[in-house]
Amino acid sequence: MVVCVAVVGHQNNPLYLQSFTEADDALKLHHVVHCSLDVIDERVNNPKRNSPALNETFLGLLYPTENYKVYGYLTNTKAKFIMVTTDLDVKDADARNFFRKFHAAYVDAVSNPFHVPGKKIASRSFSARVSTIVRSFSSGTTA
């Protein structure tokens with residue numbers, strides 16, 4: 001089950017963060033997302049020879065914790081997408097599909113002429129679309 005999704009700008013400024021759990025976990029999930037930024041920067045700035053190609057946008061599993069697994073995605077504009085899940089057996093193909101849909105929703109949101117680049121995404125339609133994507137991922141369907 002996806003418990004949190006986030007969009008972080010190229011200067012590591014939070015653009016969107018939505019948690020799908022009780023309010024008690026919100027602060028902990030903010031911390032998990034913030035910690036994952038260091039892992040993303042490390043992977044992008046220090047690629048290994050056996051790691052995926054540099055043009056690969058899906059970063060895969062960033063790190064597991066006791067309760068969560070954190071996945072990452074990097075767009076061409078250096079915006080970072082982060083997904084925190086409680087599922088222990090998420091397949092990479094499913095996570096890629098999730099991020100592909102999430103990226104499409106993000107592109108639609110920032111293409112809005114009233115959106116100011118670099119500012120938080122406050123679109124209700126984006127939030128509704130993200131909730132739909134999360135529900136379809138959590139239920140195992142590919143809507």
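The coordinates are above.
Residues numbered from 1 in each chain as written. Predicted model: local features only at pLDDT ≥ 70, side-chain atom pairs only at ≥ 80, totals over all residues. Heavy atoms only, no water.

It is not clear to me how the pairing of strand 4 (residues 69–74) should be interpreted in this structure. Could you clarify?
Side-chain direction in a regular strand flips from residue to residue, so the side chains alternate between the two faces of the sheet. Along strand 4, six of the six residues are buried, which leaves the element largely enclosed by surrounding structure. Of the two faces of strand 4, both are covered, the one formed by K69, Y71 and Y73 as well as the one formed by V70, G72 and L74. By the bridge criterion, five bridges tie strand 3 (residues 58–64) to strand 4 in an arrangement that is antiparallel. Paired with F58 across the two strands is Y73, which belongs to strand 4. Judged from the six bridges that link them, strand 4 and strand 5 (residues 80–85) form a sheet pairing that is antiparallel. In the sheet register, V70 faces strand 5, and the bridge partner there is V84. Between strand 4 and strand 5, which pair antiparallel in sequence order, lie five residues; one of them, K78, sits at a positive phi of approximately 70°. (Buried < 20%, exposed > 50% of the residue type's maximum accessible area, 1.4 Å probe, protein only. Helix = DSSP H or I, 4+ residues; strand = E, 2+ residues; numbered from the N terminus. Pairing = 2+ DSSP bridges.)

Explain the pattern of salt bridges to me, please; I cannot follow it from the model alone.
For side chains bearing opposite charge, pairing can occur when the charged atoms are close. Under the criterion given, the structure shown has one salt bridge. Taking the shortest distance from any N to any O, the salt bridge between R129 and D108 comes out at 2.4 Å. One end of the pair, R129, is in helix 3 (residues 124–139); the other, D108, is in helix 2 (residues 92–110), and 21 residues separate them in sequence. (Salt bridge = Lys/Arg side-chain N within 4 Å of Asp/Glu carboxyl O.)

What exactly am I supposed to notice about the environment of H115 here?
Positionally, H115 belongs in the loop between helix 2 and helix 3. When sequence neighbours within four positions are dropped, the list of residues in contact with H115 reads A109, V110, K120 and I121. (Contact = heavy atoms within 4.5 Å.)

Sorry if this is basic, but what is going on with the packing of aromatic side chains here?
Taken as a whole, this structure holds ten aromatic pairs when the rule is applied. Between the aromatic rings of F81 and Y106, the centroid separation amounts to 5.1 Å while the plane-to-plane angle is 70°, which identifies the pairing as edge-to-face. Here F81 is found in strand 5, whereas its partner Y106 is found in helix 2, with 25 residues between them in sequence. Each of the two residues, F81 as well as Y106, counts as buried. Plain terms: the ring middles of F102 and F126 are 6.0 Å apart, the flat faces sit at 50° to each other, and that makes the pair tilted. (Phe/Tyr/Trp six-rings, centres within 6.5 Å; stacked < 30°, edge-to-face > 60°.)

Even after reading the chapter, I still don't get helix 3, so can you show me in this structure?
One turn of the α-helix equals 3.6 residues, which is why residues spaced by three or four share an orientation. Taking 1.5 Å per residue as the helical rise, helix 3 with its 16 residues ought to reach 22 Å, and the 22 Å between its terminal C-alpha atoms agrees with that figure. Looking only at helix 3, the buried set comprises F126, V130, I133, V134, S136 and F137. Viewed end-on, helix 3 has its buried residues packed into an arc of 165°, placing them on one side of the element. Seen from the buried face of helix 3, the exposed residues on the opposite side, beyond 90 degrees, are R124, S125, R135 and S139. Tucked inside the fold, the buried residues of helix 3 contact strand 1 (2–8), strand 2 (14–19), strand 5 and helix 2. A positive phi of about 90° marks G140, the residue just after helix 3. (Expected span 1.5 Å × (residues − 1). Arc of directions from axis to C-beta.)

Help me out: how do you make sense of the sheet that holds strand 2 in this one?
Paired through backbone hydrogen bonds, the strands of a sheet run either parallel or antiparallel to each other. The antiparallel open sheet is built from five strands, whose spatial order is 2-1-5-4-3. Among the strands making up the open sheet, the edge pair consists of strand 2 and strand 3. Taken pair by pair, the neighbouring strands of this sheet meet at an average axis angle of 15°, ignoring direction. Together, strand 1, strand 2, strand 3, strand 4 and strand 5 form the strand contacts of helix 1 (residues 26–45), whose direction differs from that of strand 3 by roughly 125°. In this fold helix 2 packs onto strand 1, strand 2, strand 3, strand 4 and strand 5, with an angle of close to 130° to the strand it touches most, strand 5. (Axes fitted to C-alpha atoms, helices over the stretch in contact; angles between N-to-C directions.)

Looking at this model, I keep getting lost on the nonpolar core. Mind explaining?
Buried together is how nonpolar side chains tend to be arranged in soluble globular proteins. In this structure, V5, M83, F98, F99, F102, Y106 and F126 are the most contacted members of the largest nonpolar core, which totals 25 residues. Every element with two or more residues in this core is listed here: strand 1, strand 2, strand 4, strand 5, helix 2 and helix 3. Looking at this core element by element, the count peaks at seven residues for helix 2. Ignoring any residue separated from it by four or fewer positions in sequence, one finds M83 in contact with V2, C4, K69, V70, Y71, A95, F98, F99 and F137. With 17 residues, the next largest nonpolar core counts V33, L37, L74 and V84 among its residues. (Core = buried A, V, L, I, M, F, W, Y, C linked by side-chain atoms within 4.5 Å.)

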